[in-house]
Amino acid sequence: MDRAEIPAWLTTSEVTVPLRRKFGESAVSVAGWSCHLLIGGSSQILGVWRVAGNARIGDTLQPCSMILKGWPAPEGGMLPSALDWPHRERDLYSSGLLAHLPGGISAPDHYGEVCLPDGSLWIWLEDVTDESDGVWPVDRYATLARRMGRFSGAYLTGCPFPDSDGLSQRWLRQRVEAAAPAMATFKQSIHHPQVERVYSPHVVDTFMRIWARRDAYCAYLEGFPQTFCHMDAFRRNVFIRKEPDGSEDMLLIDWAFAGKGAVSEELTSLIAASVILMEVPVEEARYLEAEAIESYISGLGDAGWRGDPEMVRTGYGVAAALRYGVGALRLSMSILLEERYHPYVEQVLKHPMDEILANMAAVHAWMADLVPDA
């Protein structure tokens, strides 16, 4: 076991506590364990680890594993409704809210938390395995979109809205405003070779107009019916678990952005992020978009919502262009102007940089066309 990978406070006795909750047995003990870092730390998260070993239950040993996730103490003055409130996911799990979700959506089981004197928070979660068959066809995205529609619709038709101070508020507006420094860089760099390669003159002009009208666009979406949103339900955050009766349970991980959002807002990450991360070929983006939107609208109807479908379609376009157009400039400018990030980007997306840049250009052209009057 690589000690460098293990959080300093983690001991066998600390592992035993969530293990007993997992099995519901007070007599469970740990018979050997290991810890493997899955996601490294950053300014917003301390990391994600898989802790695996054997549980001794009476005279038997049972292989098992759990996920450990940690966050630093919030910065001074940060509000729980802020864009990057680090303890949001912990708050949602500890409240029990994520244990019973509507619409055929689930979250991993929660086995407890640890609060350390330095203000950091850690939670223990079920180690879920994706049982789907690799690359998703568009119809599977459509299935997820319908369930997300049922999920969104439930909170519009009587399901009590979550009562938590830690939910994000006006998340999209905050995300867009956080791009202000990157927009300044963008304006100064439009003739940089890499920037010109990804942003055509049409896209540059359109994004400038969207940026100038960003307050009005955000206000437009804030006037929509508001519902509880995961905010990041793209392919890599969705795990399929097959049930004994042959049905599929769809589990969503990473609830760090969750909060109140417009009825159409949930669609943006499901569609756009899946294409940006090259889970779906950009050539299929429009087809994915059409299928997912119609399935989401059907899911809203399943939940009993009888709102205007055209509002959903238009709201999706505005939200996607804000989030993955101008709102994504922070990431785009880093990639285009800092070549030192290219090996990491290639590792994450599993494609060479030339293909990634071509995909970025196609995605931005797509985003620019989603707001007709921009």
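About the criteria used
- Residues numbered from 1 in each chain as written.
- Predicted model: local features only at pLDDT ≥ 70, side-chain atom pairs only at ≥ 80, totals over all residues.
- Heavy atoms only, no water.
- Helix = DSSP H or I, 4+ residues; strand = E, 2+ residues; numbered from the N terminus.
- Rg over C-alpha atoms; globule rule 2.2 N^0.38 Å.
- Buried < 20%, exposed > 50% of the residue type's maximum accessible area, 1.4 Å probe, protein only.
- Contact = heavy atoms within 4.5 Å.
- Lys, Arg positive; Asp, Glu negative; His and termini not counted.
- Charge placed at Lys NZ, Arg CZ, Asp CG, Glu CD.
- Pairing = 2+ DSSP bridges.
- pLDDT = per-residue confidence, 0-100.
- 1 Å grid on protein atoms, 1.4 Å probe; cavity = no way out; pocket = protein on both sides within 12 Å on 5 of 7 lines; lining within 4 Å.
- Points joined across faces, edges and corners; volume = space filled by probe spheres on them.
- Phe/Tyr/Trp six-rings, centres within 6.5 Å; stacked < 30°, edge-to-face > 60°.
- Expected span 1.5 Å × (residues − 1).
- Polar contact = N/O pair within 3.5 Å; in protein donor to acceptor, adjacent residues only side chain to side chain.
- Axes fitted to C-alpha atoms, helices over the stretch in contact; angles between N-to-C directions.

### Digging into the overall build of the chain
Inference 1: Secondary structure assignment for the chain yields 14 helices and 10 strands.
Inference 2: For a compact globule of 374 residues, the expected C-alpha radius of gyration is about 21 Å, and the chain comes in at 22 Å, within 12% of that figure.
Inference 3: By principal-axis analysis of the C-alpha atoms, the chain measures approximately 70 × 50 × 45 Å.
Inference 4: For the chain, buried positions account for 50% of its 374 residues.
Inference 5: Here the contacts in the chain between residues at least 6 apart in sequence split such that 73% fall between residues at least 24 apart.
Inference 6: When the 33 basic and 49 acidic side-chain charges of the chain are each reduced to a single mean position, those positions are 2 Å apart.

### Looking at the pairing of strand β6 (residues 121-126)
Inference 1: Summarising burial for β6: six of the six residues are buried, a large majority.
Inference 2: As paired strands, strand β5 (residues 110-115) and β6 are joined by five bridges and run antiparallel to one another. The residue of β6 that forms the bridge with H110 is L125.
Inference 3: The hairpin formed by β5 and β6 contains five residues between the paired strands, and G119 there has a positive phi angle of roughly 90°.

### With respect to the confidence of the model for the chain
Inference 1: Of the residues in the chain, 98% reach a pLDDT of 70 or more, and the chain-wide mean stands at 93.
Inference 2: Of all the helices and strands in the chain, strand β1 (residues 29-39) carries the lowest mean pLDDT, 90, while helix α10 (residues 285-302) carries the highest, 98.

### Digging into empty space enclosed by the protein
Inference 1: Taken as a whole, this structure holds one cavity of 30 Å³ or more when the rule is applied.
Inference 2: Only α1 (12-23), β1, β2 (47-57) and β3 (60-71) provide two or more residues apiece to the lining of the largest cavity.
Inference 3: With four residues, β2 is the single largest residue contributor to the lining of the largest cavity.

### Describing unusual backbone geometry
Inference 1: Of note, the phi angle at M231 is positive, near 80°, even though the residue is not glycine.
Inference 2: Positionally, M231 belongs in the loop between β7 (226-229) and β8 (238-242).
Inference 3: Phi is positive for M278, close to 65°, though the residue is something other than glycine.
Inference 4: In this structure, M278 sits in the loop between α9 (267-276) and α10.

### Side note on the packing of aromatic side chains
Each pair of aromatic rings is reported with the distance of its centres and the angle of its planes.
Inference 1: For the structure shown, the criterion picks out 14 aromatic pairs.
Inference 2: For the pair W9 and W122, a centre-to-centre distance of 5.2 Å together with 65° between the ring planes defines the contact as edge-to-face. Here W9, found in the segment before α1, pairs with W122, found in strand β6; they are 113 residues apart in sequence, far enough to count as distant. In terms of burial, W9 and W122 fall into one category: buried.
Inference 3: Of the aromatic side chains, those joined through ring pairs into one cluster are F151, Y155, F161, F228 and W255.

### Section: helix α3 (residues 138-154)
Inference 1: Between its first and last C-alpha atoms α3 spans 24 Å; for 17 residues at 1.5 Å apiece the expected length is 24 Å, and the two agree.
Inference 2: Burial within α3 is extensive, with 13 of its 17 residues counted as buried.

### Some words on the side chain of H230
Inference 1: Here H230 is to be found in the loop between β7 and β8.
Inference 2: Separated by 2.9 Å, the side chain of H230 and the backbone oxygen of I253 make a polar contact.
Inference 3: A polar contact of 3.1 Å, which involves the side chain of H230, links it to the backbone oxygen of D254.
Inference 4: Aside from chain neighbours lying at most four places away, what touches H230 is F151, N237, L252, I253, D254, W255, F257, A258 and E266.

### What about the sheet that holds β8?
Inference 1: Read from one edge to the other, the open sheet built from three strands follows the order β4-β9-β8, with strand pairing classed as mixed. Among the strands making up the open sheet, the edge pair consists of β4 (105-106) and β8.
Inference 2: Along the sheet, α3 makes contact with β4, β8 and β9 (248-252), crossing β9 at roughly 70°.

### Things to note about the sheet that holds β6
Inference 1: On the basis of which strands lie adjacent, the open sheet formed by five strands has the order β1-β2-β3-β6-β5 and antiparallel pairing. Across the chains shown, the open sheet's two edge strands, defined by having one partner strand only, are β1 and β5. The sheet shows a mean angle of 25° between the axes of neighbouring strands, direction not considered.
Inference 2: On the sheet, α1 packs against β1, β2, β3, β5 and β6 and is oriented at approximately 110° with respect to β3.

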